Amino acid sequence: MTIPTKKLKSGFEMPVFGIGTWQMGGRFERNPENNDAADIAAIRVAIDWGVTHIDTAESYADGHAERLAGEAIKGQDRGNLFIVSKVSDEHLRYDDVIKAARASRERLGTAYLDLYLIHAPNPEIPIRETMRALDTLLDSGLIRHIGVSNFSKERIEEAQSYTKNKIVANQVHYNLIFREPERKGLIQYCQAHDIMFIAWRPVEKGALTKPGTPVLDEMCIKYGKTPAQIAINWLISQPGIVTLAKTTAIEHLKENLGAVGWTMNPADIERLRTEFPNQQDISDTVPLI
Ligand SMILES: NC(=O)c1ccc[n+]([C@@H]2O[C@H](COP(=O)([O-])OP(=O)(O)OC[C@H]3O[C@@H](n4cnc5c(N)ncnc54)[C@H](OP(=O)(O)O)[C@@H]3O)[C@@H](O)[C@H]2O)c1
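We now turn to the structure provided with this report.

The next point concerns the pairing of strand β3 (residues 17-20). Two strands pair when backbone bridges link them, and β3 and strand β10 (residues 241-246) are joined in this way by four bridges, in the parallel orientation. Looking at β10, one finds that Phe-17 is bridged to Thr-243. Direction of pairing for β3 relative to strand β4 (residues 53-55): parallel, over a ladder of three bridges. Looking across to β4, one finds that Gly-20 is bridged to Asp-55. In this fold, the crossover linking β3 to β4 by way of helix α1 (residues 36-48) has right-handed handedness.

The following block contains the structure:
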């Protein structure tokens, strides 16, 4: 299948859905017991089925997730892929950013990254320095676009003030349960400022894949879809929002891809927005500071 893309006014374009790699190869440390072959196979199958957006980070499994992704993309037409990685918040000094990007490129075995994100803000390190490093990386061709992750409106504004290059994306925890960016006006801000909103954790690590929530169950019947498909489609049916889910299970991948290529009725998007129960205002993982 072909995964549709979303395009901003600036011309920046990316797929509406991608595969994540958090917990592939381990958590923050490499797990020697991890089934690396299964992770590589899942990314390869995803690519075979039309997924081009692969999201990783230097911190995932201490760089090993990038190695697995690199292994999976070997022999692929690089021009068809959209590879995203992230520099960790402890590496936001100028020299550290440059070093981190080079190391990610090595592990991924690619000449360039389509999008490079600051994984999270670090109030201890002047953002001006970080943005200068990202500009250098962009000028050198090592990265194609600059983005941020877990940034509030104020922090995006500050970061943007230090670069002439456009911050094209903000990757943030957002799904039917976690609504912090909605309540803080961050989604509206990104939409108004031509910044792609990349929602991470769309199925809340599996919590949104089960029946038993009446309004979600009703939508499943109406659209003939599963809870995971409704949860993912709810995100990508909204303007300026794309998402990515991690899966190593091929049947989950197939299910998640069934969330793509159709659009939920705007009234149903709003019903889910208001009626979905037990919503939480603050991310339990990375709150927006
Ligand atoms: N910028 C950040 O700070 C940040 C933070 C977190 C995540 N991310 C990125 O966003 C990606 C997605 O977020 P996430 O991995 O945290 O959460 P997620 O994609 O919502 O959930 C992944 C988990 O749910 C399971 N799963 C996926 N699809 C399923 C389905 N259809 N049915 C049942 N279970 C399913 C997966 O297990 P199986 O493998 O068994 O399918 C995995 O355990 C990450 O992988 C990472 O690349 C970014």
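Further remarks concern the site of the ligand. The environment of the ligand is formed by 27 residues, the closest being Gly-20, Trp-22, Trp-200, Lys-246 and Thr-247. For the shell around the ligand, the secondary structure elements donating two or more residues are β10 and α10 (250-257).

Turning next to the nonpolar core. Ranked by internal contacts, the top residues of the largest apolar core, which has 85 residues, are Phe-17, Tyr-116, Phe-197 and Ile-232. Looking at this core, the element that brings in the most residues is helix α9 (residues 227-236), giving seven residues.

Glancing now at the pairing of strand β6 (residues 115-118). Side chains of β6 alternate between two faces, with Leu-115 and Leu-117 and Tyr-116 and Ile-118 buried alike. Note on the crossover from strand β5 (residues 82-87) through helix α3 (residues 94-108) to β6: the handedness is right-handed. With three bridges connecting them, β6 and strand β7 (residues 146-149) associate as parallel partners. Paired with Leu-117 across the bridge in β7 is Gly-147. Once the chain exits β6 it traverses helix α4 (residues 127-140) before rejoining the sheet at β7, and the crossover so formed is right-handed.

Quick notes on the rules
- Residues numbered from 1 in each chain as written.
- Predicted model: local features only at pLDDT ≥ 70, side-chain atom pairs only at ≥ 80, totals over all residues.
- Pairing = 2+ DSSP bridges.
- Helix = DSSP H or I, 4+ residues; strand = E, 2+ residues; numbered from the N terminus.
- Right-handed = clockwise from strand over helix to strand, strands pointing away.
- Near = placed C-beta within 6 Å.
- Core = buried A, V, L, I, M, F, W, Y, C linked by C-beta atoms within 7 Å.
- Buried ≥ 20, exposed ≤ 12 C-beta atoms within 10 Å, placed from the backbone.

Such coordinate-based values are descriptive only and should not be taken to indicate function.
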